[in-house]
Amino acid sequence: MVQPHHIVLMGAPGAGKSTQSRLLKARYPVEVLATGQMLRDEVAKRTALGLLAEGYFETGALLPDDVMIALVTERLLRLGSAQGFLLDGFPRTIPQAEALDRLLQRLKRPLTAVIALGLDDAEAVRRLGGRRMCEGLGDPFPLHIDDTVSVDACLRLGGRIATRPDDEPQVIVERLRHYEAETQPLIDYYRRYGLLHSISAKGEPAQVQAEIIRVLEQTAQQTA
Ligand code: ADP
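Residues numbered from 1 in each chain as written. Predicted model: local features only at pLDDT ≥ 70, side-chain atom pairs only at ≥ 80, totals over all residues. Heavy atoms only, no water.

(A) Summary view of the sheet that holds strand E6 (residues 141-144). Across the sheet, 3 strands lie side by side as E6-E5-E7; this open sheet has antiparallel pairing. Both edges of this open sheet fall to E6 and strand E7 (160-162), since each of them pairs with a single strand only. Strand-to-strand twist across the sheet, computed as the mean angle between neighbouring axes with direction ignored, equals 40°. In this sheet, E7 lies alongside strand E5 (residues 131-135) in antiparallel orientation, the contact comprising 3 bridges. The residue bridging Glu135 from the neighbouring strand is Arg160, located in E7. The sheet contacts of helix H6 (residues 121-129) involve E5 and E6, and relative to E5 the element is tilted by about 40°. (Pairing = 2+ DSSP bridges. Helix = DSSP H or I, 4+ residues; strand = E, 2+ residues; numbered from the N terminus. Axes fitted to C-alpha atoms, helices over the stretch in contact; angles between N-to-C directions. Contact = heavy atoms within 4.5 Å.)

(B) A look at the nonpolar core. Counting residues in each nonpolar core, the largest one holds 58 residues, and the members touching the most others are Met10, Leu76, Leu100, Leu111, Ile115, Leu117 and Tyr190. When neighbours within four sequence positions are excluded, Leu117 is seen to be in contact with Leu9, Met10, Gly11, Ala12, Ala15, Gly16, Lys17, Gln20, Ile199, Ala201, Val208 and Ile212. (Core = buried A, V, L, I, M, F, W, Y, C linked by side-chain atoms within 4.5 Å. Buried < 20%, exposed > 50% of the residue type's maximum accessible area, 1.4 Å probe, protein only.)

(C) Quick peek at the packing of helix H2 (residues 35-45) against helix H4 (residues 65-77). At a closest axis distance of 11 Å, the pairing of H2 and H4 adopts a crossing angle of 100°. Between H2 and H4, the angle is such that the two are roughly perpendicular. Here Thr35, Met38 and Leu39 of H2 lie close against H4, whose contacting residues are Met68, Leu71, Val72 and Arg75. (Parallel < 35°, antiparallel > 145°, perpendicular 65-115°, else oblique.)

(D) Main features of the state of the cysteines. In the structure shown here, the tally under the stated rule is 1 disulfide. Through a disulfide, Cys134 is tied to Cys154; the S-S separation comes to 2.1 Å. Judged by the sign of its S-S torsion, about 90°, the bond between Cys134 and Cys154 is right-handed. With Cys134 in strand E5 and Cys154 in helix H7 (residues 148-156), this residue pair connects regions lying 20 residues apart in the sequence. Relative accessible area serves as the criterion here: at 2%, Cys154 is assigned to the buried category. (Disulfide = S-S within 2.5 Å.)

(E) Seen up close, the site of the ligand. Inspection of the region around the ligand gives 19 residues, with Lys17, Thr35, Ala61, Gly89 and Arg175 positioned closest. Separating an oxygen atom of the ligand from a side-chain N or O atom of Arg40 is a distance of 3.0 Å. Considered on its own, the ligand offers 550 Å² of accessible surface; in the complex 96% of this is hidden by protein. It is H2 that contributes the most residues to the shell around the ligand, 4 residues altogether. When grouped by side-chain class, the residues that make up the shell around the ligand number 8 nonpolar, 4 polar and 7 charged. (Near = heavy atom within 4 Å. Polar contact = N/O pair within 3.5 Å; in protein donor to acceptor, adjacent residues only side chain to side chain. Areas by Shrake-Rupley, 256 points an atom, 1.4 Å probe, with all protein chains shown as cover. Nonpolar A, V, L, I, M, F, W, Y, C, P; charged D, E, K, R; others polar.)

(F) Local environment of the environment of Met38. Along the chain, Met38 falls in helix H2. Distance from Met38 to Val72, taken between C-alpha atoms, is 9.6 Å for residues 34 residues apart in sequence. Apart from the residues lying within four places of it in its own chain, the contact partners of Met38 are Leu33, Leu71 and Arg75.

(G) Up close: the pattern of salt bridges. Scanning the entire structure with this criterion turns up 14 salt bridges. The partner of Arg191 in a salt bridge is Asp188, with the nearest N and O atoms 2.7 Å apart. Highlighted residues: Arg191 and Asp188, both in helix H9 (residues 185-192), separated by 3 residues, approximately one helical turn. By relative accessible area, Arg191 is classed as partly exposed at 47%. Residue Glu211 is joined to Arg214 by a salt bridge in which the shortest nitrogen-to-oxygen separation is 2.8 Å. Here Arg214 and Glu211 lie together in helix H10 (residues 205-223), a separation of 3 residues that amounts to about one turn. Judged by relative accessible area, which is 32%, Glu211 ranks as partly exposed. (Salt bridge = Lys/Arg side-chain N within 4 Å of Asp/Glu carboxyl O.)

If you want it as structure tokens, here you go:
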């Protein structure tokens, strides 16, 4: 039997995690658990968690570990036993990574790969500063304002162009700072476990995806 993929996708804001998750979901039987989008859905539904998250979005800070661990644990417990998963945006801190390890050990579903998308700050700021969301056409997806073809297509199909509240310029700088201070240490954490695969996020989405697929095929062969 083909082993399901159990993937963590890491990368600074703007590295293209959600774009890559979408592409990978179309190719592999993986459930994508994207914590940022899960929180934005809660905001839209005006739930208690959504109201809490809203405050953090305004400043660019991370939500408390316990809240995020509970959210992801609940979703992972609901997955079918043969179902693969791809975590986008979780873990973001060492305590989150440790909690995830304990949970996956209990579920006997160890991680098969951690993909870290690398991008320099200047390019991250450029991408996030011009990032808009196309909403109203199923799952919201990101596009860049300079990409007029995608913007026109979104509008023509009846979508709306929106700016994420945490893509405001002063918040972008804060998010990058939190990434560096709190999430970057996870790179060493996973390197020590031999799970880390660093990939440049600088190229076109298709190019980055090809590189991720190469890594995933390699790890699948090793575990087969
Ligand atoms: P990006 O990676 O582009 O910053 P996300 O959509 O992954 O954006 O996350 C948006 C926001 O949601 C984060 O800035 C943070 O406030 C919150 N968030 C998402 N995942 C986590 C997490 N694992 N731990 C703490 N906060 C989180």
